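Summary of the model geometry
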Amino acid sequence: MRIALDGTVDITTRQIGWLELFSPDIVAPKGQLQGVLQLGGTREHPRLGGNAQLSGFTAELPALGITLRDGALRLDAQADGNAHLAGQLQSGEGVLKIDGTLGWGLQSNPLQLRVTGSNVLASDTAALRAVVNPDVRVKYADGDGAIHVEGTVTLPEARLKLESLDQGALSSADVVVLDPAETDSIQALPLNLELELVAGENVRLQGFGLDALT
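Residues numbered from 1 in each chain as written. Predicted model: local features only at pLDDT ≥ 70, side-chain atom pairs only at ≥ 80, totals over all residues. Heavy atoms only, no water.

**As for the pairing of strand β6 (residues 94-103)**
Across 10 bridges, the pairing between strand β5 (residues 82-91) and β6 is antiparallel. Residue pairing across strands places Gly87 opposite Ile98, the latter belonging to β6. Note that β6 and strand β7 (residues 111-118) share seven bridges and pair antiparallel. Directly across from Asp99, in β7, lies its bridge partner Arg114. (Pairing = 2+ DSSP bridges. Helix = DSSP H or I, 4+ residues; strand = E, 2+ residues; numbered from the N terminus.)

**As for the side chain of Gln32**
Tracing the sequence through the fold places Gln32 in strand β2 (residues 27-41). At 3.1 Å, the side chain of Gln32 forms a polar contact with the side chain of Arg14. Residues contacting Gln32, with those up to four places away along its chain left out, are Thr13, Arg14, Gln53, Leu54 and Ser55. (Polar contact = N/O pair within 3.5 Å; in protein donor to acceptor, adjacent residues only side chain to side chain. Contact = heavy atoms within 4.5 Å.)

**A word on the nonpolar core**
Of all hydrophobic cores here, the largest spans 32 residues; its most connected members are Ile16, Phe57, Leu68 and Leu155. Of all elements in the fold, only β2, β3 (46-61), β4 (66-77), β5, β7, β8 (120-124), β9 (128-140) and β10 (147-161) reach the threshold of two or more residues within this core. In terms of residue count, the dominant contributor to this core is β3 (six residues). Here Leu155 is in contact with Val131, Val132, Leu197, Val198, Ala199, Gly200 and Val203, once residues within four sequence places are set aside. (Core = buried A, V, L, I, M, F, W, Y, C linked by side-chain atoms within 4.5 Å. Buried < 20%, exposed > 50% of the residue type's maximum accessible area, 1.4 Å probe, protein only.)

**A closer look at the packing of aromatic side chains**
Within this structure, the stated rule accounts for one aromatic pair. Judged by centre distance (6.1 Å) and plane angle (65°), the rings of Trp18 and Phe22 are edge-to-face. Trp18 gets classed as partly exposed once you look at its relative accessible area, which sits at 38%. (Phe/Tyr/Trp six-rings, centres within 6.5 Å; stacked < 30°, edge-to-face > 60°.)

**Some words on the pattern of salt bridges**
When the charged atoms of two side chains lie near each other, side chains of opposite charge can form a pair. Summed over all chains, the structure comprises four salt bridges. Note that Arg114 and Asp135 form a salt bridge whose closest N and O atoms lie 3.0 Å from each other. Pair noted here: Arg114 is in strand β7 and Asp135 is in strand β9, with a separation of 21 residues, a long-range link. Look at Arg114 and you get partly exposed, because its relative accessible area is 38%. The class for Asp135 is partly exposed, based on a relative accessible area of 29%. With a closest N to O distance of 3.1 Å, Glu157 and Arg129 form a salt bridge. Here Arg129 lies in strand β9 and Glu157 lies in strand β10, a separation of 28 residues in the sequence. With relative accessibility at 24%, the residue Arg129 sits in the partly exposed group. (Salt bridge = Lys/Arg side-chain N within 4 Å of Asp/Glu carboxyl O.)

Written out as structure tokens, the structure is:
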């Protein structure tokens, strides 16, 4: 039996703390979410209409030592069942941009995103400081065994301390674990990576007697 879907949701809220559920690395997200969404089709083949926009987005990523700011993301549903996604956010002096489509529950219209940017601060910790210029495509469809990520990431500036990485993950002094209780492990969706890393003229490797500048 097919179950028909029919409904409209009006959204206007600044309560976006639920975004932390999508990643344990996101801390204290702020911003405003607003829009009008129409849900149709069936449970097997849902269709999303309307539009939604996240604006004024900021969040901290303590594990990477960076703060995301001036973020915006807009979703506009299209007549063919796809939704167009476009957005950007700032990290360091650079801006990361996202553009693509989301096929709402249709295998023939998978998630397809292009991520680009210039001088984006990707990490700023004692072990790793990296500024990147990405040009990456992300694809996923129902039934795929992995999320496909391919493209080029140029590092115009990076500093990598090899000895710190060899010691394993180091927690920032600002990060406090309040409840270290064990939790059930969750199997993550695998990644199929085909990335080309291009080192610029200001990439330094330090540690174990090595101090090299590319």
